[in-house]
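# Per-entry structural report
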Amino acid sequence: MKLIGIVGTNSDQSTNRQLLQYIQKHFSSQADIELCEIKDLPAFNEPKERIAPKGIQELSDKILAADGVIISTPEYDHTITAALKSLLEWLSYTTQPLLNKPVLITGASLGSLGSSRAQAHLRQILDAPELKARIMPSSEFLLGRSSQAFDEEGNLKDQTKVEELEEVFEEFVEFVEITNKLLESSSKIRKSQMSFTWK
């Protein structure tokens, strides 16, 4: 399984990057996870021609080629970062690679709530018509007090959180497989309906 992990911040020092790096390493036997940065992407400016800049197009191509996407977001003022919002605006306005793409939302925060409000807001954004991602329902991974959550090797120190993350990731793998099978089946049905002719 091929997954894309998007670091939802332009900060050079982020526990959300650490969380995705841990996910990439911990689940390497179950999925090939490529981490993608957004910190060098241009701010959204609503171009008239609706053509994505090079960096946006490259990330869009990776999303399209992946089976699913993991987005890890911090929480700034009860919502996601401006950099992540800008990326989503680019994608919705130009290439729309998240349409029907299975998405898992995770988040790390220095506070105790672990980006819960930002995750809720991100779910609303991803449900917008031009994005319309397939967000895994009733499941989230919240990592609070994240500055103390990792050891020197980048591993999660709390075994309870490790087990929680393993359960969430296992559910996401199943969600990706089921979602993509359903989409493939519905696509075949639509194609057969389009080719039907009365005789």
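Structure first, text after, so check above.
In this report, we go over the structure that sits alongside the text. Please read these numbers as outputs of a predicted model, since none were measured by experiment. (Residues numbered from 1 in each chain as written. Predicted model: local features only at pLDDT ≥ 70, side-chain atom pairs only at ≥ 80, totals over all residues. Heavy atoms only, no water.)

### Re the side chain of Thr15
Defined as follows: Numbering of helices and strands runs from the N terminus, with a helix taken as a DSSP run of H or I at least four residues long and a strand as a DSSP run of E at least two residues long. In protein, a polar contact requires one atom able to donate a hydrogen and another able to accept it; more generally it is a pair of N or O atoms within 3.5 Å, and residues adjacent in sequence count only if both atoms are side-chain atoms. For this analysis, residues touch if any pair of their heavy atoms sits within 4.5 Å.
Here Thr15 shows up in helix 1 (residues 15-26). Within the local environment of Thr15, its side chain forms a polar contact with the side chain of Ser146, the two groups lying 2.7 Å apart. Residue contacts for Thr15: discarding those within four places in its chain leaves Ala108, Ser146, Ser147 and Phe150.

### Focus on unusual backbone geometry
Cut-off, in case you're wondering: Three labels apply to residues, based on accessible area from a 1.4 Å probe with only protein chains included: buried if under 20% of the type maximum, exposed if over 50%, partly exposed otherwise in between.
Phi is positive for Glu46, which is not a glycine, with a value near 50°. Along the chain, the position of Glu46 falls in the loop between strand 2 (32-36) and helix 2 (54-65). Among the residues examined, Glu46 registers a relative accessible area of 52% and is labelled exposed. Phi at Lys132 is positive, roughly 45°, even though this residue is not glycine. Position of Lys132 among the secondary structure elements: in the loop between helix 4 (116-126) and strand 5 (134-135).

### A word on the pattern of salt bridges
Put simply, the rule reads: Salt-bridge detection follows one rule: a side-chain nitrogen of Lys or Arg within 4 Å of a carboxyl oxygen of Asp or Glu.
This structure, assessed with the given rule, holds nine salt bridges. Salt-bridge contacts for Glu37 lead to Arg17; the nearest nitrogen and oxygen are separated by 2.7 Å. Remark: Arg17 occurs in helix 1 and Glu37 occurs in the loop between strand 2 and helix 2; sequence separation between them is 20 residues. On the basis of relative accessible area, Glu37 is assigned to the partly exposed category, the value being 35%. For Arg17, a relative accessible area of 10% puts it in the buried group. Between Glu164 and Lys161 there is a salt bridge whose closest N-O contact spans 3.0 Å.

### So, the packing of aromatic side chains
Test applied: Planes of paired rings set the category: under 30 degrees apart is stacked, over 60 is edge-to-face and the rest tilted, where pairs are Phe, Tyr or Trp rings (Trp by its six-membered ring) whose centres lie within 6.5 Å.
In the structure shown here, the tally under the stated rule is four aromatic pairs. With centroids separated by 5.4 Å and ring planes inclined at 75°, the aromatic side chains of Phe44 and Tyr93 adopt a geometry described as edge-to-face. Placement of the pair is Phe44 in the loop between strand 2 and helix 2 and Tyr93 in helix 3 (residues 82-93), with a sequence separation of 49 residues. Since its relative accessible area comes to 24%, Phe44 is described here as partly exposed.

Remember, this is a structural readout, not a statement about activity or role.
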